[in-house]
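# Descriptive analysis of the structure
Listed here are the chains, written in short residue letters.
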Amino acid sequence: MKTGARRSVFAANWKMNLSDQEAEGFLRELRAAKLPDNAEVLIFPPVLYLTRLAELARGSAIGLGAQNIYWERSGAFTGEISASMIRAAGAQLVICGHSERRHIFGESSEMISRKVRAAQNEGIVPLVCVGETLEEREAGEAFEVLQSDTMSSLAAVEPDQSIIIAYEPVWAIGTGLTATPKDAEEAIAYIRSQVRELWGDIADEIRILYGGSVRADNIAELMSCANIDGALIGGASLNPTSFLQIIINGSNI
Ligand code: PGA
């Protein structure tokens, strides 16, 4: 069992998937399962399902989050949702800066930093994603990207040990290509060193997850690395059996 001050996190990012009935069935199944005490289990469903899933999760250890927010509190921002709105719907967390937001929707690190601050101001825990593309990795620029993503996403953000970071190399997301545990550990240790530059020893308390084609058969090896505190899981989190198996295999380290 992994020991130390940092509690493991297993986070399901459902993206734009599952019907409302599938989502409810998933949550019921997860609630009925025996979840390990040493792990924090989080679900990031489509935002429309938050209210209903929060009702179903009440009294359990399952945490719920939104996949995105806008940084303003209210106003003429068609299609957007604020941190206070997701809090009212029952979310405790929000993903900020997922690579799909950065690359498909053109979000900059400056925008992400504003979202992180807006979440913090509402008492919502930000889960901040950083990671390099394949071209950047092949050009030997992975660490530069990690430095700039980390520094700029956390710029002007209050030091906060509850913030969670996820290292998600873009080339590993939804592709079946997983970073080797050695590469993931190296990148995550580097991100931790950047957080240390910004926030000092709080860096030792911040949970940093790996994300990108995590499955039940590769989680144990990833979790055996000293700096990897959990996983952000996309495809393999859409089925309760496979998500549960990841939690079990990942927390038995
Ligand atoms: P994946 O997605 O597990 O399907 O690669 C991870 C993510 O995008 O968070």
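The structure displayed is predicted, hence computed values, not measured ones.

### Description of the pairing of strand S7 (residues 207–211)
Counting buried positions over the five residues of S7 gives five, a clear majority of the element. Alternating residues of S7 divide into Arg207, Leu209 and Gly211 and Ile208 and Tyr210, and every residue in both groups is buried. The pairing of strand S6 (residues 164–167) with S7 spans four bridges and is parallel. In the sheet register, Tyr167 faces S7, and the bridge partner there is Tyr210. Running through helix H8 (residues 181–199), the crossover from S6 to the neighbouring parallel element S7 is right-handed. Sheet analysis places S7 next to strand S8 (residues 230–233), joined by two bridges and oriented parallel. Paired with Tyr210 across the bridge in S8 is Ala231.

### A closer look at the side chain of Glu185
Checked against the element boundaries, Glu185 lands in helix H8. Among the residues examined, Glu185 registers a relative accessible area of 18% and is labelled buried. A polar side-chain atom of Glu185 sits 2.9 Å from a polar atom in the side chain of Asn227. Here Glu185 is in contact with Cys225, Ala226, Asn227 and Ile228, once residues within four sequence places are set aside.

### Here's the deal with the layout of surface pockets
Empty space among the atoms can be located by rolling a probe the size of a water molecule over them. When its volume is computed, the largest pocket comes out at roughly 560 Å³. Along the wall of the largest pocket there are 19 residues; nearest its centre are Lys15, Met16, Gln67, Asn68 and Arg101. Looking at side-chain class alone, the lining of the largest pocket contains 10 nonpolar, five polar and four charged residues. Along the wall of the second largest pocket there are 18 residues; nearest its centre are Gly174, Gly212, Ser213, Gly234 and Gly235.

### Thoughts on the site of the ligand
Near the ligand there are 13 residues, and of these Lys15, His98, Glu168, Gly174 and Ser213 occur at the shortest range. Between Ser213 and the ligand, the recorded distance is 2.7 Å, taken from a backbone N or O atom to an oxygen atom. At a separation of 2.8 Å, an oxygen atom of the ligand approaches a polar backbone atom of Gly234. With the chains in place, 95% of the 280 Å² that the ligand exposes on its own is no longer accessible. Counting atoms within 2 Å of the grid points, the majority share of the ligand lands in the second largest pocket. Residues belonging to the shell around the ligand are distributed by class as follows: four nonpolar, seven polar and two charged.

Analysis parameters
Residues numbered from 1 in each chain as written. Predicted model: local features only at pLDDT ≥ 70, side-chain atom pairs only at ≥ 80, totals over all residues. Heavy atoms only, no water. Buried < 20%, exposed > 50% of the residue type's maximum accessible area, 1.4 Å probe, protein only. Helix = DSSP H or I, 4+ residues; strand = E, 2+ residues; numbered from the N terminus. Pairing = 2+ DSSP bridges. Right-handed = clockwise from strand over helix to strand, strands pointing away. Polar contact = N/O pair within 3.5 Å; in protein donor to acceptor, adjacent residues only side chain to side chain. Contact = heavy atoms within 4.5 Å. 1 Å grid on protein atoms, 1.4 Å probe; cavity = no way out; pocket = protein on both sides within 12 Å on 5 of 7 lines; lining within 4 Å. Points joined across faces, edges and corners; volume = space filled by probe spheres on them. Nonpolar A, V, L, I, M, F, W, Y, C, P; charged D, E, K, R; others polar. Near = heavy atom within 4 Å. Areas by Shrake-Rupley, 256 points an atom, 1.4 Å probe, with all protein chains shown as cover. Sits in = over half its atoms within 2 Å of the grid points.

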